[in-house]
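Chain and residue survey
Listed below, chain by chain, are the residues.
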Amino acid sequence: MKTGIRRKLCMSCIVVVFCIFILIIAGRSDEVSSRNTVRETGNVDSDQNHSKESYVPDKFGFSGGTGRVTLSCPEVFIRDGQAYASLVFDSGSYSYVKVGGKSYEGINTEDTSTFEIPVQLNRNNTIVGCTTKMSAAHEITYSIFVYIEDRDGESSGSSSREDSSLIQSGKGAYEIPGLIFSEETKTEDAEYFRIFRYEGGITCIQVKNPYDGEIQQYLIAAADAELPAGTEREMTVIKRSSRAYVASEPVLQWMDELELGENLALTGIKAEDCEAETVRKRLEEEEVAFGGSYDELDYKMLVKERCDLVIMPACILTEANGKETEDARMEMQERYRETEEYCRELDIPIFGDLSSAEQTEKGRLEWIKAYGIIFDCEDSADALYHTVIDSIEAEEE
């Protein structure tokens, strides 16, 4: 009888152990499935309590430093509602990172330094990294931006992009993680630029090069506007200009008519060749200086006159594409790239004026709107545009 009782007890224990084993396996399966789903979508609501798994950022950007070291963020971890970023420097000489005054030590290899630090998602975070590569330990300040989309698939701060070739497709709005899309201002006749607006008075002007189809993004914002860290690495950022070098004759004429003389620091056209009457007189009276032609910029003058914007004419592109030989085209393009590089080192953005590339006069004139945005005089620019258009249409009748 005792033997029968022992057998029943053994069988009961076996059943209990088997059930526990099944429950453990099922739990681990659900955990793996959940982890895989998160890694594939990369979506997380930064305002909600997340699971304890890791996420791959949909976007990461940084600014600051000397430009010699690159930062990356392969993963974000969520623990107890707090996000932690895995921050990697492509240098093995960083000893610690400070966040909010607290130091975090990391793991160093010969080529990298990796730290796990707390971050706020979808906004700029200021951090300080200490490098020992110099003769003495030196702290360097960076701003980092870790972006993760909402779980519902909509960007927390921008509109979705339907097509990367926006001007060609005519669809969608340009997505800028961290900015909230407001509306597109439709152009009436211009073919080679579009205007997208975001909250905070920020505007993106998209320009399509008709010669090679390349699309350039220009983000225009107030001088004190805070943009997502690293934005300047992806597009040209123009803080509304107050001191510009202008080598485009149409732009000089529009600035003349809009009474933007104070915004003109240098021209790329000499007095005897300038058609804008007021600008020509100011050149003759040395109120405005010649800063070198568009293909031979005087960089010392740019610095001396504190220029914060260079406006190039379309002819630098038409000349490059009009050259008879491939070598000549490559030489002109290389010269333009060198100009871009020098201006980048001086932290001066370049805007390419392609108004003369438009096929119609109305299309060319509509570029006035772009300069109204850049020089922060949209109402005056819009009024000038419609006045000129009305005059043209009256003549056509």
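Residues numbered from 1 in each chain as written. Predicted model: local features only at pLDDT ≥ 70, side-chain atom pairs only at ≥ 80, totals over all residues. Heavy atoms only, no water.

1. Some words on the overall build of the protein
Secondary structure assignment for the protein yields ten helices and 20 strands. The burial tally for the protein puts 45% of its 397 residues in the buried class. Restricting the contact set of the protein to residue pairs at least 6 apart, pairs at least 24 apart contribute 50%. Of the roughly 21,600 Å² of accessible surface on the protein, 46% is carried by carbon and sulfur atoms. (Helix = DSSP H or I, 4+ residues; strand = E, 2+ residues; numbered from the N terminus. Buried < 20%, exposed > 50% of the residue type's maximum accessible area, 1.4 Å probe, protein only. Contact = heavy atoms within 4.5 Å. Areas by Shrake-Rupley, 256 points an atom, 1.4 Å probe, with all protein chains shown as cover.)

2. A short note on the sheet that holds strand S5 (residues 94–99)
Taken in spatial order, the five strands line up as S2-S10-S9-S5-S6 in an open sheet, and their pairing is antiparallel. With partners counted over all chains shown, the strands left at the sheet margins are strand S2 (59–64) and strand S6 (102–105), one partner each. Across the sheet, the mean angle separating the axes of adjacent strands is 30° when strand polarity is ignored. Looking at chain direction, S2 and strand S10 (residues 138–147) are connected through six bridges and run antiparallel. When the bridges of S10 are listed, lysine 59 appears paired with tyrosine 147. (Pairing = 2+ DSSP bridges. Axes fitted to C-alpha atoms, helices over the stretch in contact; angles between N-to-C directions.)

3. Some points on the nonpolar core
Counting residues in each nonpolar core, the largest one holds 45 residues, and the members touching the most others are Ile205, Phe351, Trp367, Tyr371 and Phe375. The contact partners of phenylalanine 375, leaving out residues within four places of it in the chain, are Ser241, Ala244, Met255, Leu260, Asn263 and Ile311. Phe62, Leu71, Cys73 and Ile127 belong to the second largest nonpolar core, which has 26 residues in total. (Core = buried A, V, L, I, M, F, W, Y, C linked by side-chain atoms within 4.5 Å.)

4. Some words on helix H4 (residues 277–284)
All of the buried residues along H4 are Val279, Arg282 and Leu283. Projection of H4 onto a plane perpendicular to its axis shows the buried side chains occupying an angular sector of 100°, all on one side. Of the surrounding secondary structure, the elements contacted by the buried residues of H4 are helix H3 (249–257), strand S17 (264–267) and strand S18 (289–290). Glutamate 286 occupies a position one or two residues after H4 and carries a positive phi of about 60°. (Arc of directions from axis to C-beta.)

5. Comments concerning the pairing of S6
Here S5 pairs with S6 via four bridges, running antiparallel. Bridged to valine 97 within S6 is tyrosine 104. Where S5 folds back on S6, the antiparallel hairpin that results is connected by two residues, among which glycine 100 adopts a positive phi of roughly 60°.

6. Re the sheet that holds strand S13 (residues 202–208)
Judged by pairing direction, the sheet is mixed, and its five strands sit side by side in the order S11-S12-S13-S14-S15 without closing on themselves. Only two strands of the sheet have a single partner each, and these edge strands are strand S11 (181–185) and strand S15 (236–239). Mean inter-strand twist for the sheet, computed between neighbouring axes without regard to direction, equals 25°. Of the strand pairs in this sheet, S13 and strand S14 (residues 215–221) are connected by six bridges, and their pairing is antiparallel. By the bridge assignment, lysine 208 is partnered in S14 with isoleucine 215.

7. Describing the side chain of aspartate 353
Along the chain, the position of aspartate 353 falls in the loop between strand S20 (350–352) and helix H8 (361–365). For aspartate 353, the side chain forms a polar contact with the side chain of tyrosine 371, separated by 2.6 Å. (Polar contact = N/O pair within 3.5 Å; in protein donor to acceptor, adjacent residues only side chain to side chain.)

8. Let's talk about the packing of aromatic side chains
One pass over the structure, following the stated rule, counts eleven aromatic pairs. Ring geometry for phenylalanine 89 against tyrosine 94: centres 4.2 Å apart, planes inclined by 20°, an arrangement best described as stacked. For phenylalanine 89, a relative accessible area of 0% corresponds to the buried category. Both rings, one in phenylalanine 145 and one in tyrosine 147, keep their centres 6.1 Å apart while their planes meet at 15°; by these two values the pair is stacked. No difference in accessibility class separates phenylalanine 145 from tyrosine 147, as the two residues are buried. Following the ring pairs from residue to residue traces out a cluster consisting of Phe89, Tyr94, Phe115 and Tyr142. Here the guanidinium or amino end of arginine 79 rests over the ring plane of tyrosine 84, the centre of that ring lying 4.4 Å away. (Phe/Tyr/Trp six-rings, centres within 6.5 Å; stacked < 30°, edge-to-face > 60°. Lys NZ or Arg CZ within 6 Å of the ring centre and 35° of its normal.)

9. Let's talk about the pattern of salt bridges
Taken as a whole and judged by the stated rule, the model has 15 salt bridges. Between glutamate 184 and lysine 186 there is a salt bridge whose closest N-O contact spans 3.3 Å. Of the residues examined, lysine 186 reaches a relative accessible area of 58% and is grouped as exposed. One salt bridge in this structure joins glutamate 341 and arginine 344, with 2.7 Å as the shortest N-O distance. A residue pair is termed a helical-turn pair when its members lie 3 or 4 positions apart in one helix, as glutamate 341 and arginine 344 do in helix H7 (residues 326–345) at three residues. (Salt bridge = Lys/Arg side-chain N within 4 Å of Asp/Glu carboxyl O.)

10. Quick look at the confidence of the model for the protein
Across the protein, pLDDT averages 82, with 78% of residues at or above 70. Here residues 24–50 is modelled with pLDDT under 50, and outside its nearest four sequence neighbours on either side it reaches 39 contacts, counting other chains as well. Confidence drops under pLDDT 50 across residues 153–172; counting only partners more than four residues distant or on other chains, this segment forms 59 contacts. (pLDDT = per-residue confidence, 0-100.)

11. A closer look at the environment of arginine 194
Within the fold, arginine 194 resides in strand S12 (residues 193–198). Residue arginine 194 is classed as buried on the basis of its relative accessible area, which comes to 9%. Residues arginine 194 and glutamate 184 lie ten residues apart in sequence; the distance between their C-alpha atoms is 7.8 Å. Of the polar contacts made by the side chain of arginine 194, one reaches the side chain of glutamate 184; its length is 2.8 Å.

12. What to know about the environment of isoleucine 311
Examined against the element boundaries, isoleucine 311 turns out to sit in strand S19 (residues 309–312). Spatially, the C-alpha atoms of isoleucine 311 and serine 248 are 6.9 Å apart, while their sequence positions differ by 63 residues. Once you skip the residues sitting within four places of it in the chain, isoleucine 311 turns out to touch Tyr245, Val246, Ala247, Ser248, Val251, Phe351, Asp353, Tyr371 and Phe375.

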